[in-house]
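Chain residues, written in single-letter form:
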Amino acid sequence: MESPAPSIQVETWLRGEPLSSFEPGKVYIVEFWATSCGPCVDAMPHLMQLQEKYRDSGVEIIGVAASEDAPTADEARSNLDAWLTEKFSNLNFRMAFDSTGEMKKLWMEPSFSCWIPTSFVVDRDGHIAFIGGPTELDEVLPKVLNGSWRASDQAKAADRERIAKGEPKAREQALTKPIKARYRAAMETNDWKTARSAIEEGVALMPDNLYFRVSLAHLLLHKMRDMEAGLPEMRQFVRDAINRESEHWIYYGLFLLLAPCFDYAGFPSAERFAMGEELSKHIVALPQGHGSKFMSYPMVAQYYHESGNKDRAIELVEQALKVLDGPEPVSNDLKQHLLPELLQALANYKGEKVCHGTICVAPQKDSPNVNGVAEEQT
C-alpha cells in the first residue's frame, strides 16, 4: 500500500478500449481473476454494479484474466472471449488477457498476493490505496474516493494483516516454482525417474504441501505402478487427510483411490477399498460448511456402488443434489461442476433416466469421468 502502481502490460484487451497508463484524478480497480475460480465469477456482477454506481465519480474497473488454463495462449484467449460473450455479454468494464506472466510479476508477486480474486485499488495520484478481496470494496471504495482511506489506521492495519498472511505463502510459491517446472517437464516426456526425483525433493522440502503429496502418490501408483513404494505413500496420505479433517485432502485421497479415469489393475482391491471406506465415512461425517465437502460425493457414492451397496450410493448422490438446491450458500461454480457428474452417477446407479429441474440425463455404460490431478489449491 502507498507504493506507485505498476504499469499495465497485458497481451490483449478483450473488452473496452486499451489502457496504457493510469490517468491522474481517476480511481482504478485492477481485478485479478479467472473463469475457473468460483469466487471470482461470483464477484463479477458486483463489480459491474460498482462500475455503474461510481462511474461518474471517476472509477474505472479493469479485469485481468492472467490465470486461464488451456494448452495454448490462443486457445485460452479464445475460450475466455467465448465465456465472456455467453456469461457476461453486457460487461461494462475493461477486460484484459495475459498469459505471459508479466502482470503477475508486476502486481501479484511483489505484493505477496497469492490468491484470486485480488483487487488492487489505485488512488487518484497513481498510488496503491488498497489490496484485498472484491467483497471489501463496498466499504473501502467510498473512503478512497473521499481521500480518507489511505492514511487511516484501519487501512494500515488491514495491509499489515494481509502481508502477514500472504508473505509465507508467497515465499513458499517461490521455492516450489522451479521444482514444479522440473516435474511437469518430466511428466510431459514420461520421464518418471526425473519426475519422481523432482517431486520427492518437493515433499522433503514441504511435507505438508498438498500438490506435492498428491503428485507423488499419483506418480507412484498410476504412472510408475510401483505398489511397493506407492501403497505406503497412499496409506500415509489417507492418515494425514483424516487427521487434518481437510475436505481437499480427503477429496484427492478418494480421487487417487476411486476415480474412474484410472486403471486399478495391480492395485490390491482389499486395501484400496479399505482406504476408500475410511475416507468415505470421514467426509460424510464432516460438517457441511459451504458445500465443498460434496465435491467428494460422486467418488464416495462410487465406493459404495463398487462395494455392492447401491442403495447407499443413490442416497448419497440424492443428498448432494438436495444441498445444491438448499438454503446454505453453495457457489455457482461448485453447482455447475457437480450437477452433471451427480446426475450421471444417479442415472447409472438407478439404470434409468433422471431429471433435475430442466436437466435430464440417461444412464451410460461407463461411469462419468472425474477431473484430472489438479493444480495446487489456493
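Criteria and thresholds
- Within each chain, residue numbers correspond to sequence positions counted from 1 in written order.
- Whole-chain, interface and lining totals are the exception, using all residues; otherwise, since this is a predicted model, local features are given only for residues with pLDDT of at least 70 and side-chain atom pairs are given and counted only at 80 or more.
- Values reported for side chains reflect all heavy atoms of the structure, with hydrogen atoms and water molecules removed beforehand.
- The helix count covers DSSP runs of H or I at least four residues long, the strand count covers runs of E at least two residues long, and both are numbered beginning at the N terminus.
- Here the globule rule is a power law, 2.2 Å times the number of residues to the power 0.38, and the radius of gyration is based on C-alpha atoms.
- Think of it in three bands: with a 1.4 Å probe and only protein chains considered, a residue is buried below 20% of the maximum accessible area for its type, exposed above 50%, and partly exposed in between.
- In this tally, Lys and Arg are treated as positive and Asp and Glu as negative; His is ignored, and so are the chain termini.
- To locate a charge, the coordinates of NZ of Lys, CZ of Arg, CG of Asp or CD of Glu are taken.
- Every residue gets a pLDDT, meaning the predictor's confidence in that residue, from 0 to 100.
- Whether two residues are in contact is decided by their heavy atoms: any pair within 4.5 Å suffices.
- Given a helix with a known number of residues, its expected span is that number minus one, times 1.5 Å.
- What we call the bend at a residue is the angle made by axes fitted to the seven residues finishing there and the seven residues starting there.
- To get an axis, fit a line to the C-alpha atoms, keeping to the stretch in contact for a helix; angles then go from 0 to 180 degrees between the N-to-C directions.
- For classification purposes, an angle smaller than 35 degrees is called roughly parallel, one larger than 145 roughly antiparallel, one from 65 to 115 roughly perpendicular, and anything else oblique.
- Each crossing is labelled by how the near helix is turned from the far one, with a counterclockwise turn of less than a right angle marking it left-handed and a clockwise turn marking it right-handed.
- Polarity classes work like this: nonpolar for Ala, Val, Leu, Ile, Met, Phe, Trp, Tyr, Cys and Pro, charged for Asp, Glu, Lys and Arg, and polar for all others, with Gly in that last group.

Details of the overall build of the chain
Helix and strand counts for the chain come out as 13 helices and eight strands. The globule rule puts the C-alpha radius of gyration for 378 residues at 21 Å, and the 23 Å found for the chain is close to it. Taking the principal axes of the C-alpha coordinates as reference, the chain spans close to 70 × 50 × 40 Å. Taking all 378 residues of the chain together, 48% fall into the buried category. Side-chain charges of the chain comprise 40 positive and 55 negative groups, with the mean position of each set lying 1 Å from the other.

Points about the confidence of the model for the chain
Per-chain confidence: the chain averages 90 in pLDDT, with 94% of residues scoring 70 or above. Within the model, pLDDT remains below 50 along residues 367–378, and this stretch shows 40 contacts once partners closer than five positions in the same chain are excluded.

Thoughts on helix H1 (residues 38–54)
The periodicity of an α-helix, 3.6 residues per turn, causes residues three or four places apart in sequence to face the same way. Counted at 1.5 Å a residue, the expected span for H1 with its 17 residues is 24 Å, and the 25 Å between its end C-alpha atoms agrees. The sharpest bend along H1 reaches about 35° and sits at Met44, with the proline Pro45 one to four residues further on. All buried positions along H1 are accounted for by Gly38, Cys40, Val41, Ala43, Met44, Leu47, Met48, Leu50, Gln51 and Tyr54.

Observations regarding the packing of helix H11 (residues 297–306) against helix H12 (residues 310–324)
For the pair H11 and H12, interaxial distance at closest approach is 7 Å and the crossing angle is 165°. On the basis of the axis angle, H11 is roughly antiparallel to H12. As for how H11 packs across H12, the hand of that crossing is left-handed. For the pair formed by H11 and H12, the contact residues are Tyr297, Val300, Ala301, Tyr304 and His305 on the first element and Lys310, Arg312, Ala313, Leu316, Val317, Gln319 and Ala320 on the second. Across the contact of H11 with H12, the residue classes tally to eight nonpolar, two polar and two charged.

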